[in-house]
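In case you want the letters, here they are:
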Amino acid sequence: MPAMKDINIVKIAVEMTDQVPQLIEFNQKQPLAGIIQELCNGWNLTEPEQYALQFNENNNNNYITEKNRNEIKNGSVLRLQYSPSKTAQDILHKLNTGSPEEKAHAMSRLSILSADMTFALDFINKQGLTLIIKQIENGKCKGTVLAHTLLSFVELMEHGIVSWDILNGDFITRVAGLVNSPQEAQVTQAALSILENVVLNSTEGYGQVEREIPIGSLVGHLQAAPVVQQNAVALINALLSRADPVKRRTLAATLTSKQVRTVIQNNILQTGAAKGVRNGAPATLMLGLLEQRMMTKMDPQDQDGHDKIKELRRIAFDSEGLATLGNDINPALDFTETPPGLLALDCMIYFMRNHPENYTKLVLENSCRADEHECPFGRASVELVRILCELLKIGEAPSEQCVTYQPLFLTHDHPFEECFCICIVLLNKTWKEMRATSEDFGKVASVGREQIVRALETTPASLEQLKNKLQSLTYGEITQLWQLERNTREEWESHAKPVVELREQITPDILGLIKQQRLAFLVEGTRFTKYSARGQRIKDKFWYMRLSPNHKVLHYGDCDEKSAPSTEELPSKLAVSDIRALSVGRDCPHMKGRKASHQLAFSLALEGVDLQSLGLRGPRRAGAGVLDGRHQRAARPEDAEQGDGEGPGHAASMEMQAEAAGRRRGHDSPGPAAHRPIPPLPLLLRPEVGAIW
């Protein structure tokens, strides 16, 4: 028996400059110092305490410590390098006493190594960060060296070892100067990143950055390289997030001016540079300015608010009090819930003043409908603004991870209000398409929300594109999309292992139920109309056929229109075992050569008796039930699958019942409440053919 493998041992390769690589077994239980000692012995190196192991991957060159050593896997390739402490000391020595070339090389190495927490801690403890800050302040670094210096500073500060409050005004002024003057892209990128962190993380730094960085300078950087654009957008967001309401509105007004919006559209949105960052310094933050109105309730004593409500009625009807715009008793109550608060009233007023024809048409159209079919403009507007606030995340801080942005909100001075104007017309159109009543308000709102969500998912570039997309998403289109998605999901779920196992588990029960119900139908019996030899119906003459309780004999004979004779009262008998086949329609012997309707004709072919066949006209499924009952009696359900598809023995009936039962048993599983209709019952189980229900 082979020896068990030790999970704590992995086989790796270790490289070193100018040395032959070593293949070793790395024991996770062995101290790192011991492993490094063995490697140094293999290469005849002295002072093993001066060395450390590093990952040797494209995106990972961190030093290996006791905390991250578990990341080493079988086949890993490591490097033996000088330890973080010695490397930090060597870089500081070069920066202090080296030649310009040596200083440039040392700074380049520092910009890479600073991302490693282990190295950064050693470098900062040796006063390396203080040296970097002084070099930035004195302004002697230029070009690539300056870019590496700034990048090193950013990486060292990102670890959170040192507070951003250590920076003085001279440092911030120097970095702000780099942003305000033409520089290489790497320099500008790093400088913008530093100022963003100062604004967000420094107690006193925001005020100085806000004073020293004119908005025009940041707008200029929006036309630069993508990496600079992203950092400029991030700094704009930071400034707006820390500004008081007055400064935020002033800054946002500048950013949302047509000139700045054009710059953003031409240089960020069309190039895709805004994806992956907190886009929208203008768009997102302009929408964010609506938060105050969204969260403000209407004061019942607010005269301005009441005047606006009166104006809404007067413009539409040229007379007060003639329309139902919302709560007619006290309209102010419509705007006391937040969100959307007074923002809903603002949108209604904007719609009325800027789109008077659409406004008047919408309100008058509703006033002409019956009361129960009227879509109240006030209530609909409040609900729509609430939906838009939710979908556009008004009041939420921009997210670094958010990659969804809507360029259409940079195409107009009042994009939210214009979006409302488009959507309120859509909501009214959907109301008509659904033929809704006041009780259906919630359903209409949910459909309207779905229409807006699907339209925004296409990222329309303009308000006109949004309008066209919404017009194509009619109520009928939405229901079709919902049904298609539901069918696709259920089709996928039907092949899921738990569903398959459940179907296999319940199939025997379903088969038993079908057999029991079919035989019960035959025992109950069926009445058939009598026809003459010429195929004409005989008035008040009927046949009655039923199966004996022991399921062995088929009894039949004459009956009247209302009676259901017992087996003892039916004179003719036929053993079920003598039935060999079922013929339908023109294939029936008693229908050949006749012009009479053959759709309901069926014939039982017999064997082993003098009578060759028994021909009847009536519900064909009843005849199929006789044959299928025989097969169930003979325990041969597979024969029942050979019918014409109308008989209850058709294989689909069992499959449909199994699916329906499985869906009922799994109704608590996640998913929408609406399901496809339960498939129809097997024909023999339907009450119109006499089955027991």
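Residues numbered from 1 in each chain as written. Predicted model: local features only at pLDDT ≥ 70, side-chain atom pairs only at ≥ 80, totals over all residues. Heavy atoms only, no water.

- The name given to the protein in an unreviewed UniProt entry is ELMO domain-containing protein, with the source organism recorded as Aromia moschata.
- Of the comments in the UniProt record for the protein, the one headed Function (unreviewed entry) reads "Involved in cytoskeletal rearrangements required for phagocytosis of apoptotic cells and cell motility. Acts in association with DOCK1 and CRK. Was initially proposed to be required in complex with DOCK1 to activate Rac Rho small GTPases. May enhance the guanine nucleotide exchange factor (GEF) activity of DOCK1." (UniProt positions renumbered as here; feature names shortened; annotations may be inferred.)

1. Considerations on the sheet that holds strand S6 (residues 537–547)
Consideration 1: With respect to topology, 4 strands assemble into an open sheet ordered S5-S6-S7-S8, the strand pairing being antiparallel. On the outer flanks of this sheet lie strand S5 (526–531) and strand S8 (572–575), each paired with one strand and no other. When strand polarity is set aside, the average angle formed by the axes of neighbouring strands in this sheet is 30°.
Consideration 2: Bridge count between strand S7 (residues 553–559) and S8: 4 bridges; the pairing is antiparallel. Bridge assignment links Leu 554 to a residue of S8, and that residue is Leu 574.
Consideration 3: Strand contacts of helix H24 (residues 497–524): S5 and S6, with the helix running at about 130° to S6, the strand carrying the most contacts. (Pairing = 2+ DSSP bridges. Helix = DSSP H or I, 4+ residues; strand = E, 2+ residues; numbered from the N terminus. Axes fitted to C-alpha atoms, helices over the stretch in contact; angles between N-to-C directions. Contact = heavy atoms within 4.5 Å.)

2. Here we look at the pairing of strand S1 (residues 9–15)
Consideration 1: Bridge count for S1 against strand S2 (residues 22–27) is 6 bridges, and the pairing is antiparallel. Residue pairing in the sheet places Lys 11 in a bridge with Glu 25 of S2.

3. A look at the sheet that holds strand S3 (residues 51–55)
Consideration 1: One open sheet accounts for 4 strands, arranged S2-S1-S4-S3; its pairing is mixed. Every interior strand has two partners, whereas the edge strands, S2 and S3, have only one. Going from strand to strand, the sheet's axes swing by 40° on average, the running direction of each strand aside.
Consideration 2: Two strands pair when backbone bridges link them, and S3 and strand S4 (residues 77–82) are joined in this way by 5 bridges, in the antiparallel orientation. Paired with Gln 54 across the bridge in S4 is Arg 79.

4. Observations regarding the pattern of salt bridges
Consideration 1: Enumeration over the complete set of coordinates arrives at 16 salt bridges.
Consideration 2: With a closest N to O distance of 3.0 Å, Arg 69 and Glu 66 form a salt bridge.
Consideration 3: Overall, Arg 69 belongs to the buried group, its relative accessible area being 4%.
Consideration 4: When the shortest N-O distance is used, the salt bridge between Glu 337 and Arg 386 registers 3.4 Å. On the criterion of sequence distance, the pair formed by Glu 337 in the loop between helix H16 (303–317) and helix H17 (342–354) and Arg 386 in helix H19 (residues 377–391) is long-range, its members being 49 residues apart.
Consideration 5: Residue classification places Glu 337 among the partly exposed residues on the basis of a relative accessible area of 48%.
Consideration 6: Each member of the salt-bridge network shares a partner with another, and the members are Arg 293, Asp 304, Lys 308 and Asp 346. (Salt bridge = Lys/Arg side-chain N within 4 Å of Asp/Glu carboxyl O. Buried < 20%, exposed > 50% of the residue type's maximum accessible area, 1.4 Å probe, protein only.)

5. Here we look at the pairing of S6
Consideration 1: In this sheet, S6 lies alongside S5 in antiparallel orientation, the contact comprising 5 bridges. Looking at S6, one finds that Tyr 531 is bridged to Arg 537.
Consideration 2: Note that S6 and S7 share 6 bridges and pair antiparallel. Along S7, the bridge assignment pairs Tyr 544 with Gly 557.

6. Examining unusual backbone geometry
Consideration 1: Cis geometry marks the peptide bond from Thr 338 to Pro 339; its omega dihedral reads -15°.
Consideration 2: Checked against the element boundaries, Pro 339 lands in the loop between H16 and H17.
Consideration 3: Residue Pro 339 is joined to Pro 340 through a cis peptide bond whose omega torsion reads 15°.
Consideration 4: Positionally, Pro 340 belongs in the loop between H16 and H17.
Consideration 5: In this structure, Gln 127 takes a positive phi of about 65° despite not being glycine.
Consideration 6: Note that Gln 127 resides in the loop between helix H4 (117–125) and helix H5 (128–138).
Consideration 7: The phi dihedral of Lys 393 falls on the positive side, at around 55°, and the residue is not glycine.

7. Considering the environment of Leu 554
Consideration 1: If you trace the backbone, Leu 554 turns up in strand S7.
Consideration 2: As for Leu 554 and Ala 575, which are separated by 21 residues in sequence, their C-alpha atoms are 6.0 Å apart.

8. Section: the packing of aromatic side chains
Aromatic ring pairs are reported here in terms of the distance separating the ring centres and the angle at which the planes meet.
Consideration 1: Taken as a whole and assessed by the stated rule, the structure comprises 10 aromatic pairs.
Consideration 2: Relative to Tyr 359, the ring of Phe 351 has its centre 5.9 Å away and its plane inclined at 90°; by these criteria the two rings are edge-to-face. Each member of the pair, Phe 351 as well as Tyr 359, is classed as buried.
Consideration 3: An aromatic cluster is present here, built from Phe 351, Tyr 359, Phe 377 and Phe 420 joined pairwise through their rings.
Consideration 4: One Lys or Arg, Arg 379, reaches over the ring of Phe 441 and ends 3.9 Å from the middle of that ring. (Phe/Tyr/Trp six-rings, centres within 6.5 Å; stacked < 30°, edge-to-face > 60°. Lys NZ or Arg CZ within 6 Å of the ring centre and 35° of its normal.)

9. With respect to the packing of helix H7 (residues 169–180) against helix H9 (residues 205–212)
Packed helices, taken two at a time, are described by the angle their axes make and the gap between the axes.
Consideration 1: Their axes nearest at 10 Å, the elements H7 and H9 cross at an angle of 35°. For the element pair H7 and H9, the recorded crossing hand is right-handed. Between H7 and H9, the residues in contact are Gly 169, Ile 172, Thr 173, Ala 176 and Asn 180 and Gly 205, Gln 208, Val 209 and Glu 212, respectively.
Consideration 2: Class assignment for the residues of the contact of H7 with H9 results in 3 nonpolar, 5 polar and 1 charged. (Left-handed = near helix turned anticlockwise from the far one by under 90°. Nonpolar A, V, L, I, M, F, W, Y, C, P; charged D, E, K, R; others polar.)

10. Regarding H9
Consideration 1: Three or more residues of H9 are buried, namely Gly 205, Tyr 206, Gln 208 and Val 209. Seen end-on, H9 carries its buried residues on one side only, within an arc spanning 165°.
Consideration 2: Elements that come into contact with the buried residues of H9 comprise H7, helix H8 (185–201), helix H11 (226–242) and helix H12 (245–255). (Arc of directions from axis to C-beta.)

11. Focus on the side chain of Asn 197
Consideration 1: Mapped onto the fold, Asn 197 is located in helix H8.
Consideration 2: Residue class for Asn 197 comes out buried when judged on its relative accessible area of 12%.
Consideration 3: Among the polar contacts listed, one links the side chain of Asn 197 to the backbone oxygen of Ser 193, at a separation of 2.8 Å.
Consideration 4: In this structure, Asn 197 is in contact with Glu 158, Trp 164 and Ser 202, ignoring residues within four places of it in sequence. (Polar contact = N/O pair within 3.5 Å; in protein donor to acceptor, adjacent residues only side chain to side chain.)

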